[in-house]
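Overview (structure and organization)
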Amino acid sequence: MLPHEFLFGRDFSEDPYAAYAELRAKGPVHPIDFPRGATAFLVVDHEHGRAALNDPRLSKDTAHSSVPVDGDQFFGGTLLGMDPPDHTRLRALVAKAFTARRTEALRPRVQEITDRLLDAIDGEADLIRALAVPLPVQVICELLGVPAADRDRFREWTAVLTVPAPTREARALRRDVALAFNDYLMGVIAERREHPGDDLISGLIEAREGDAALTEVEMLNIVALLLVAGHETTMNLIGNGVLALLQAPDQLALLRKRPELLPAAIEELLRYDGPVDRASQRVALEDMEIAGTPIPKGAWVHVSLGAAGRDPAAFRDPDELDLTRTPNRHVAFGHGLHFCLGAPLARLEGQIAIGSLLERFPDLALAVPAEELRHHRAGSIVRGLVALPVRV
């Protein structure tokens, strides 16, 4: 059995792909001691990982787990922690508000915000702090219709809610911030009921499926999910993507020469070193098999999206960055029922941020040796850089 430390060690966080390749050579499914005390399995290939992401025998509700879990670690109460029919109802309602039109309408503001953030970069900068963190937060504020006067406070709350809380003091602070954040959003929801606008919260209030509408608690959970999942995904897409390009100068030169490749480039960056290493947890509802491996009822199943993206059975030369790769059936945003609703927004932000950065700074380069860069660990399912110092 793989030890718990496999997913939590520093060596793994810096280069998970080599470890995944060794595992994949031995088989697609491996038992792992996470969470401790539970029977759990890690899926590391594309074929079986993709199938598991949409297998109705695997529940997103950890109440079905063979061992109790700390709900604070997971997305219980949100779409990521639900199964049909609740998931079906909520997703249909959210989809009515989170439309392609609303996302595309943000394009000019995303460009404006990006340009303003790039204007502030001079000489050397940490690209995570200067661009990758503030951009998605400001875009979420635009999407939700947060008044300009409240955005500094909103960003402060976001800074607490979107990082791990490893200590008792950090968890207490996060609880206090979550309560303040919820109180604030409840006030915004009440105000939008009286004075609706063209923002997402107004859209969530208006969304109906027959007689069904979202409750306040459901709206709070959706906004919280958007805040955490949307922030992390875009932040890491930008950071990981820029690093990948800087480490592949031939591909960087190709993208500068052919900017029309940018949409395909974002897909390849998502496959090559995506923002989420593992999909959120799944629990077996019955005794089953994955790739011939018995999975008992109540066992956890972890699907590695990162490992699936580097599977040589699914991608030619998977460890090479190829911005012209086609087809590119990566699973960086999941697959099936739980495919990320915010994927179009993350793609939009990634295209604008990375495209504008490369256009603005033709001499962009790392300011430190690549081996000095560090990734977040602490067991998070996401994969992202702590910092990305660059010279412009």
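So, here's what we can say about the structure. (Residues numbered from 1 in each chain as written. Predicted model: local features only at pLDDT ≥ 70, side-chain atom pairs only at ≥ 80, totals over all residues. Heavy atoms only, no water.)

**A short note on the overall build of the protein chain**
- Along its length, the protein chain carries 16 helices and twelve strands.
- What you see for the protein chain is a C-alpha radius of gyration of 21 Å, in line with the 21 Å of a compact globule of 392 residues.
- C-alpha atoms of the protein chain, sized along the principal axes, occupy 55 × 55 × 40 Å.
- For the protein chain, the residues scored as buried account for 52% of the 392 residues in total.
- In the structure as shown, the protein chain presents an accessible area of about 17,500 Å², 53% of it carried by carbon and sulfur atoms. (Helix = DSSP H or I, 4+ residues; strand = E, 2+ residues; numbered from the N terminus. Rg over C-alpha atoms; globule rule 2.2 N^0.38 Å. Buried < 20%, exposed > 50% of the residue type's maximum accessible area, 1.4 Å probe, protein only. Areas by Shrake-Rupley, 256 points an atom, 1.4 Å probe, with all protein chains shown as cover.)

**Details of the packing of aromatic side chains**
- Counted according to the given criterion, the structure contains seven aromatic pairs.
- Relative to Tyr20, the ring of Phe12 has its centre 5.4 Å away and its plane inclined at 90°; by these criteria the two rings are edge-to-face. When sorted by exposure, Phe12 lands in the same class as Tyr20, which is buried.
- Residues Trp157 and Phe181 carry aromatic rings whose centres are separated by 6.1 Å and whose planes lie at 80° to one another, so their mutual orientation is edge-to-face. Here Trp157 is found in helix α9 (residues 151-161), whereas its partner Phe181 is found in helix α10 (residues 168-194), with 24 residues between them in sequence. Take Trp157 and Phe181: they sit in the same class, and that class is buried.
- Grouping aromatic residues by their ring pairs yields a cluster made of Phe154, Trp157, Phe181 and Tyr184.
- Positioned above the aromatic ring of Phe315 is the side chain of Arg271, whose terminal nitrogen or guanidinium carbon lies 5.4 Å from the ring centre.
- When the ring centre of Tyr272 is taken as reference, the NZ or CZ atom of Arg310 above it lies at 4.2 Å. (Phe/Tyr/Trp six-rings, centres within 6.5 Å; stacked < 30°, edge-to-face > 60°. Lys NZ or Arg CZ within 6 Å of the ring centre and 35° of its normal.)

**Digging into the nonpolar core**
- In this structure, Leu144, Phe154, Leu204, Val242, Leu245 and Leu388 are the most contacted members of the largest nonpolar core, which totals 86 residues.
- The dominant element in this core, judged by the number of residues it contributes, is helix α12 (residues 216-246), at 15 residues.
- Filtering out sequence-adjacent residues up to four positions away, Leu245 remains in contact with Leu252, Leu255, Leu269, Leu321, Leu323, Ile354 and Leu358. (Core = buried A, V, L, I, M, F, W, Y, C linked by side-chain atoms within 4.5 Å. Contact = heavy atoms within 4.5 Å.)

**Points about the side chain of Asp150**
- Checked against the element boundaries, Asp150 lands in the loop between α8 (134-144) and α9.
- A distance of 2.8 Å separates polar atoms of two side chains, one belonging to Asp150 and the other to Tyr184. (Polar contact = N/O pair within 3.5 Å; in protein donor to acceptor, adjacent residues only side chain to side chain.)

**Things to note about the pattern of salt bridges**
- The final tally for this structure, using the stated rule, is 21 salt bridges.
- We note a salt bridge from Arg258 to Glu260, for which the minimum N-O separation is 3.1 Å.
- Here Glu260 falls in the exposed class, since its relative accessible area comes to 52%.
- For Arg310, the salt bridge goes to Asp319, with nearest N and O atoms at 2.8 Å.
- Taking relative accessible area as the criterion, Arg310 reaches 8% and is therefore assigned buried.
- One network of salt bridges, in which partners are shared, links Arg109, Glu112, Glu142 and Arg151. (Salt bridge = Lys/Arg side-chain N within 4 Å of Asp/Glu carboxyl O.)

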